[in-house]
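# Examination of the molecular architecture
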Amino acid sequence: MAKPVVLIAEELSPATMEALGPDFEVRHCNGADRNELLAALAAGVDAVLIRSATKMDAEAISAAKGLKVIARAGVGLDNVEIPVATAAGVMVVNAPTSNIVSAAELAIALLLASARFISPAHAALRAGKWARSKYTGAEIFEKTLGIVGFGRIGQLVAARMQAFGMNVIAYDPYMSPARAAQLNVRLVELDELLRTSDFITIHLPKTKETANLIGEEALSKVKPSLRIVNAARGGVLDEAALYRALKEGRVAGAGLDVFATEPCTDSPLFELDNVVATPHLGASTDEAQERAGIAVAVSVRKALAGELVPDAVNVKGGAIHEEIRPSLPLVEKMAQIASVMGGAQPTTIDVQVRGEIHEYDAAILATSALKGALIASNCEDVTYVNAPGLAADRGISASVSANPESHMYRSMISLRAAFADGKSVLVEGTLMGIRKVEKIIAIDGFDLDLPPSNHLVFLRYTDRPGMVGALGGVLGKAGININGMQVSQHATRDEALMALTVDSDLPAELMEQVKKETNAELVRSVTVVS
């Protein structure tokens, strides 16, 4: 078999290639050269690895024959059209934690450099000037640091600056006060942060809500001794407003690593001695680049092996807890079985996690259920990326709920598929033992102990003698080998469900013959796609 093709569109660390391993055909191109990129994509690739110079927009994604994964070796995804990739079923992954230490350390470096005029003092010395009196700075000990955006990078900055003896406050509308208190940080409103901070560091993404968040109005509220650092995203801090505040003495200094338009080599801010600036170096350390490359290489390996990738940004359900992850393929198979047993495409699927796993976020199982139902409906090229959109187009919805009660098992999952004719099918499953062996434990109240193997046959009938022999005779004449058989009698009704594992799919003609010979009310053959 041909190896999957991975296109490396920008220079990545040698560790990235090692992490990919020998299982792929690796090609290279210059992703910044548009014609070269489009030609390389059109040649057929399974995955493309990029950094910031390669634009994976609608044109590039449509040109990429067979593309399954776009992997960004870094955090920002401004150069990837995620909605277009999602519609095409292409998974987009990045390395969200690869550069957080490097970014935090650079923000701190800019803060210290601004406080002590490191950049202009260095330049003066190189120009032959001993200007000690000109560059008197400020200590950070016992000063107040205001952190705007208290996510992972902001928290790293806080911990490090507390070691310098700083008092840290933060503004973040999504952070709980209790969590901030655990980190010895007090959450405040933005106005209070602006008024009371001696130093401010910004750690926010640029969005419609955060664009120019720190602008003319905000800078009118700060102390004239304030020094402000932006090593997050350009455009969160209004550069024109900052320039005016610095020139007028309303702000004492600034440290900048990012700019509204990049590359930026000509800004009036660069003329000011109280500004220290770097060319977007936040992630530019050997360690961060290596971590990013390894992280996305591992993600590509998982994605091309059919696994769900935790860092996929366009898969609904968020981060997947390790206790939920093994249930993903089980729920897919349960949805396939329920759909085939119902004889139609379901309209709604309700998944309930029960027992010990009820406390974990299992939202991703809705996507598993949709994917399974779509596969059962012969929908092609279904992925965790495009399953929600394809399902919505077909009028299928799914939901997940939790229930702490699970009387027979430590954990189990119930999946009920409802159909347009008002009928429903309930399939229940669990994962057994340390190895998490998949088992179907009940269908519509009929108890089972059934591995969801590739080829299954179900018969539902009024319980009576001779059914096993009749079915065995029909399948034997057709050359279908029975690998396993279970018969379950309903606890309250005079009905039985027979479940068989066989070595091949049953053609439609044979299904009709089985129904005729057994007089079963329902006969279904399920080919479970893993």
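Position numbers for residues start from 1 in each chain and track the written sequence from start to end. The predicted nature of this model means local features are confined to residues of pLDDT at least 70 and side-chain atom pairs, given and counted, to a pLDDT of 80 or more, with totals for whole chains, interfaces and linings taken over all residues. The basis for the side-chain values is all heavy atoms of the structure; hydrogens and waters are excluded.

Next up on the list: the nonpolar core. Core analysis: the largest hydrophobic core is formed by 70 residues, its most contacted members being Met91, Ile337, Leu365, Leu415, Ile440, Ile443 and Phe458. Sort the elements by how many residues they give to this core and helix H13 (residues 327-342) lands first, with 8 residues. Excluding its chain neighbours within four sequence positions, the residues that come into contact with Phe458 are Ile337, Met341, Ile443, Leu450, Leu497, Met498, Ala499, Leu522, Val523, Arg524 and Val526. Only buried residues count toward a nonpolar core. Its members are Ala, Val, Leu, Ile, Met, Phe, Trp, Tyr and Cys residues joined through side-chain atoms within 4.5 Å. Burial classification: accessible surface area is computed with a 1.4 Å probe over protein chains only, and a residue below 20% of its type maximum counts as buried, one above 50% as exposed, and the rest as partly exposed. Secondary structure counts use DSSP, requiring at least four H or I residues in a row for a helix and at least two E residues in a row for a strand, with both numbered from the N terminus. We call two residues in contact when some of their heavy atoms are within 4.5 Å.

This part is about H13. Between its terminal C-alpha atoms H13 stretches 22 Å, which fits the 22 Å expected from 16 residues at 1.5 Å a residue. Along H13, 13 of the 16 residues are buried, which leaves the element largely enclosed by surrounding structure. Gly343 lies just past H13 and shows a positive phi near 75 degrees. One less than the residue count of a helix, multiplied by 1.5 Å, gives the span that helix is expected to have.

This next bit is on the packing of H13 against helix H14 (residues 364-376). Orientation of H13 relative to H14, taken along the N-to-C sense of each, is 40 degrees, at an axis distance of 7 Å. Taken together, the axes of H13 and H14 lie oblique to each other. The two elements H13 and H14 meet at a crossing, and its hand is right-handed. Residue-level contacts link Ser327, Leu328, Val331, Glu332, Ala335, Gln336, Ser339 and Val340 of H13 to Ile364, Leu365, Ser368, Ala369, Lys371, Gly372, Ala373, Ile375 and Ala376 of H14. Under the grouping applied here, Gly and all other residues not named as nonpolar or charged are polar, the nonpolar ones being Ala, Val, Leu, Ile, Met, Phe, Trp, Tyr, Cys and Pro and the charged ones Asp, Glu, Lys and Arg. Split by residue class, the contact of H13 with H14 holds 10 nonpolar, 5 polar and 2 charged. Helix axes are fitted to C-alpha atoms over the stretch in contact, other axes to C-alpha atoms as well, and angles between N-to-C directions run from 0 to 180 degrees. Here the angle decides the label: under 35 degrees means roughly parallel, over 145 means roughly antiparallel, 65 to 115 means roughly perpendicular, and every other value means oblique. By the definition used in this description, the sense in which the near helix is turned from the far one sets the handedness, with an anticlockwise turn below a right angle giving left-handed and a clockwise turn giving right-handed.

Ordered by their spatial adjacency, 7 strands build an open sheet running E8-E7-E6-E9-E10-E11-E12, and the pairing between neighbours is parallel. A strand with exactly one partner marks an edge of an open sheet, and here the two such strands are strand E8 (186-187) and strand E12 (275-277). Across the sheet, helix H7 (residues 152-162) lies against strand E6 (144-148), strand E7 (167-171) and strand E9 (199-202), angled at about 170 degrees from E6, the strand it touches most. Along the sheet, helix H11 (residues 239-247) contacts strand E10 (227-230), strand E11 (253-256) and E12; its crossing angle with E11, the most-contacted strand, is approximately 150 degrees. Pairing between strands is defined by DSSP: at least two bridges between the two strands are required.

Let's shift gears to the environment of Gly372. Within the element layout of this structure, Gly372 appears in helix H14. Judged by relative accessible area, which is 0%, Gly372 ranks as buried. In sequence terms Gly372 and Ala387 are 15 residues apart; their C-alpha atoms lie 9.1 Å from each other. Leaving out residues up to four positions away in the same chain, Gly372 has contacts with Glu332, Ala335 and Gln336.

Once that is clear, we can look at the packing of helix H16 (residues 467-477) against helix H17 (residues 508-518). For any two helices packed against each other, the geometry is given by the interaxial angle and the distance between the axes. One can describe the packing of H16 onto H17 by two numbers: an axis separation of 9 Å at closest approach and a directional angle of 150 degrees. One finds that H16 runs roughly antiparallel with respect to H17. Considering how the two elements wind past one another, H16 and H17 form a crossing that is right-handed. Where H16 abuts H17, its residues Met467, Ala470, Leu471, Val474 and Leu475 lie against Leu510, Gln513, Val514, Glu517 and Thr518. Along the lines of polarity and charge, the residues of the contact of H16 with H17 split into 7 nonpolar, 2 polar and 1 charged.

The next point concerns the packing of aromatic side chains. Think of it this way: a Phe, Tyr or Trp ring, Trp meaning its six-membered ring, pairs with another when their centres are within 6.5 Å, and the plane angle makes it stacked under 30 degrees, edge-to-face over 60, tilted otherwise. As enumerated under the stated definition, the model contains 2 aromatic pairs in all. A centroid spacing of 5.9 Å and a plane angle of 40 degrees characterise the contact between Phe117 and Tyr135, whose relative ring orientation is tilted. Separated by 18 residues along the polypeptide, Phe117 in the loop between helix H5 (100-115) and helix H6 (118-126) and Tyr135 in the loop between H6 and E6 bring together distant segments of the chain. The same class applies to Phe117 as to Tyr135, namely buried.

Any functional reading would require information beyond the geometric quantities listed.
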